[in-house]
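Each chain is listed here by its residues.
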Amino acid sequence: MRQKLKIFNDPVHGFVNIPNNLLFEIIESRYFQRLRRISQTGLTHYVYPGARHSRFHHALGCLHLMQEAIQTLRKKSVDISDEEEQGVLLAILLHDVGHGPFSHSLEQTLVVGVHHEEISLAIMHKLNQEFNGELTLAIQIFKGEYPKFFLTQLVASQLDIDRLDYLKRDSFFTGVAEGNINPNRIISMMNVHQNQLVIDAKGIYSVEQFLISRTFMYWQVYFHKNSISAELYMVSVLRRAKELVKEGQKVEAPLSLQYFLNHKDLVLDDQTLEHFLNLDDFDLMYAIKLWQNHSDKILSKLSKMVMGRILPVSKISENAMEDKELEKKKAEACKLLDIKDASYFVHQTSFKVKPYSKGKYPISLLYKNGQVKDLIESQHNIMGEVLQRTVEKFHQCYLNKAKIDKLNL
């Protein structure tokens, strides 16, 4: 069969080459094309308007960087066969294919107890059947079962191709310069030692900069107070819709979304997977648009706030709000909205960020004399203490009269 040479023009990496027919056919499949309709960064565009990029963009970027990584390792005499190259390219291309609407924002909300990686694996198995077993090696690499473990580390570790692309990409589309890393420099420093992915020691400062940039992106983008509030309210919308359905009330929604509203305890069988594959961001926004006019006050008001980007008062603080103060905020919300349960509108959540962990998949440096050291143990590191420090902060959101007046409820 003649090679279908295809090139995508990516705003982040430039031209992305699709190296063979199988990868092109996978990209053309309905499983992968669905990623065009899945937001990479949830509701982050409510804060950074340019952040409208999709999982489709990200997956193609990962494919490009993985090709660069394979080329680099081969130049350093790392043995990677053509079949292994194909396997790891497929694994990185499909690593996020199991993400649901708005990606991480609604994880554990639609399919409770099932992580997106589990859904990705289920989709890979379906594709493997359709393509006569050609994804078997990719599945082994994805699951960490292939003997050459460094291939799995390229897909999922603390310094993997996934992170190299999404940091560069999210920085580009949000305009947050602090996250602008140089993935090509880090890839050029990759090596393999005793079946483990390592970094040539001279690349230590590029790695430290990568870890610090990722930390900045968490505080400035992923954990931005307003995007957290928007996503919490979207979760609350679905929570309320599910409760109304359980009570026997009519809640209009697209067929596949209705399936998840009707079922609480789901098993990832063929029926559930098929309904999941029919869902994307547009289904959720269409439903929320409808629910603005629902007879239930709570569902209606939540939906209007999400659709109109009328966000609550939001704060990030070093300390948790006391229970007494939290209950006071809920009482105020009940009075302002004329409702009995304000738990949908008043939230307190905590989150932790640790730039680097020596635990699973540590980042190891390879010196010219063959010695290998953990990043933190190197005498040349300059951010050692900062990289190991865990920072915990608290997010609170609640309503006041000004917000309610703006909503004109």
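Residues numbered from 1 in each chain as written. Predicted model: local features only at pLDDT ≥ 70, side-chain atom pairs only at ≥ 80, totals over all residues. Heavy atoms only, no water.

**Concerning the packing of helix H11 (residues 225–246) against helix H15 (residues 297–307)**
The packing of two helices is summarised by the inter-axis angle and the distance between the axes.
Here's step 1: For the pair H11 and H15, the least separation of the axes is 9 Å and the interaxial angle reads 155°. In terms of their interaxial angle, H11 and H15 are classed as roughly antiparallel. For the crossing formed where H11 meets H15, the hand is left-handed. Judged by residue contacts, Tyr233, Met234, Ser236, Val237, Arg240, Ala241 and Leu244 of H11 engage Ile298, Leu299, Leu302, Ser303, Met305 and Val306 from H15. (Axes fitted to C-alpha atoms, helices over the stretch in contact; angles between N-to-C directions. Helix = DSSP H or I, 4+ residues; strand = E, 2+ residues; numbered from the N terminus. Parallel < 35°, antiparallel > 145°, perpendicular 65-115°, else oblique. Left-handed = near helix turned anticlockwise from the far one by under 90°. Contact = heavy atoms within 4.5 Å.)

**As for the pattern of salt bridges**
Here's step 1: Here the structure, examined in full by the defined rule, presents 20 salt bridges.
Here's step 2: Across the salt bridge formed by arginine 55 and aspartate 96, the nearest N and O atoms sit 2.7 Å from each other. One end of the pair, arginine 55, is in helix H3 (residues 55–75); the other, aspartate 96, is in the loop between helix H4 (82–93) and helix H5 (116–130), with 41 residues separating them in the sequence. Taken individually, arginine 55 and aspartate 96 each receive the classification buried, so the pair is uniform in this respect.
Here's step 3: The partner of lysine 143 in a salt bridge is glutamate 145, with the nearest N and O atoms 3.5 Å apart.
Here's step 4: The exposure class assigned to lysine 143 is partly exposed, which follows from its relative accessible area of 40%. (Salt bridge = Lys/Arg side-chain N within 4 Å of Asp/Glu carboxyl O. Buried < 20%, exposed > 50% of the residue type's maximum accessible area, 1.4 Å probe, protein only.)

**Brief notes about the sheet that holds strand E4 (residues 196–200)**
Here's step 1: Sheet architecture is open: four strands sit in the order E3-E4-E7-E8, paired in mixed fashion. The sheet terminates laterally at strand E3 (190–193) and strand E8 (372–374), the two strands that pair on one side only. For this sheet, the mean angle separating the axes of adjacent strands, direction not counted, is 45°.
Here's step 2: By the bridge criterion, two bridges tie E4 to strand E7 (residues 364–366) in an arrangement that is parallel. Looking at E7, one finds that isoleucine 199 is bridged to leucine 365. (Pairing = 2+ DSSP bridges.)

**A look at the sheet that holds strand E5 (residues 313–317)**
Here's step 1: Spatially, E5-E9-E6 is the arrangement adopted by the three strands of the open sheet, whose pairing is antiparallel. Only two strands of the sheet have a single partner each, and these edge strands are E5 and strand E6 (347–353). Geometrically, the sheet is characterised by an average inter-axis angle of 20° between neighbouring strands, direction not taken into account.
Here's step 2: Helix H10 (residues 204–222) contacts E6 and strand E9 (391–398) of the sheet and is inclined by roughly 170° relative to E6.
Here's step 3: The sheet strands contacting H11 are E5, E6 and E9, and the helix crosses E9 at an angle near 60°.

**Some words on the side chain of aspartate 165**
Here's step 1: With respect to the helices and strands, aspartate 165 occurs in helix H8 (residues 161–174).
Here's step 2: Once residues lying within four places of it in the same chain are set aside, the contact partners of aspartate 165 are His13, His58, Gly61, Cys62 and Leu65.

**Observations concerning unusual backbone geometry**
Here's step 1: The backbone of glutamine 194 sits at a positive phi, close to 50°, despite the residue not being glycine.
Here's step 2: Inspection of the secondary structure puts glutamine 194 in the loop between E3 and E4.

**Considerations on the environment of glutamine 40**
Here's step 1: Looking at where glutamine 40 falls in the secondary structure, it is placed in the loop between helix H2 (30–33) and H3.
Here's step 2: Take glutamine 40: its relative accessible area is 6%, and that puts it in the buried class.
Here's step 3: Linking glutamine 40 and lysine 202, residues 162 residues apart in sequence, is a C-alpha distance of 33 Å.
Here's step 4: Excluding its chain neighbours within four sequence positions, the residues that come into contact with glutamine 40 are His53, Ser54, Arg55, His58, Ser103, Tyr166 and Asp170.

**Topic: the packing of H8 against H10**
Here's step 1: H10 packs onto H8 with a crossing angle of 45° between their chain directions and a minimal axis gap of 11 Å. What the angle tells us is that H8 and H10 run oblique. For the pair H8 and H10, the crossing hand works out as left-handed. For the pair H8 and H10, the contacting residues are Arg163, Leu164, Tyr166, Leu167, Asp170, Ser171 and Thr174 in the first and Phe210, Arg214, Met217, Tyr218, Val221 and Tyr222 in the second.

**A few points about the packing of aromatic side chains**
Here's step 1: One pass over the structure, following the stated rule, counts 13 aromatic pairs.
Here's step 2: Look at tyrosine 166 and tyrosine 222: their rings are 6.3 Å apart centre to centre, the planes differ by 75°, and that puts the pair in the edge-to-face class. Of this pair, tyrosine 166 sits in helix H8 while tyrosine 222 sits in helix H10; the two residues are 56 residues apart in sequence, bridging distant segments of the chain. Tyrosine 222 matches tyrosine 166 in its accessibility class, with the two residues each being buried.
Here's step 3: Every member of this aromatic cluster is reached through a ring pair, and the members are Tyr166, Tyr218, Trp219, Tyr222, Phe223 and Phe351.
Here's step 4: We note arginine 30 situated over the ring of tyrosine 31; from NZ or CZ to the ring centre the distance is 4.8 Å.
Here's step 5: Against the face of tryptophan 219 rests lysine 393, its NZ or CZ located 4.7 Å from the ring centre. (Phe/Tyr/Trp six-rings, centres within 6.5 Å; stacked < 30°, edge-to-face > 60°. Lys NZ or Arg CZ within 6 Å of the ring centre and 35° of its normal.)

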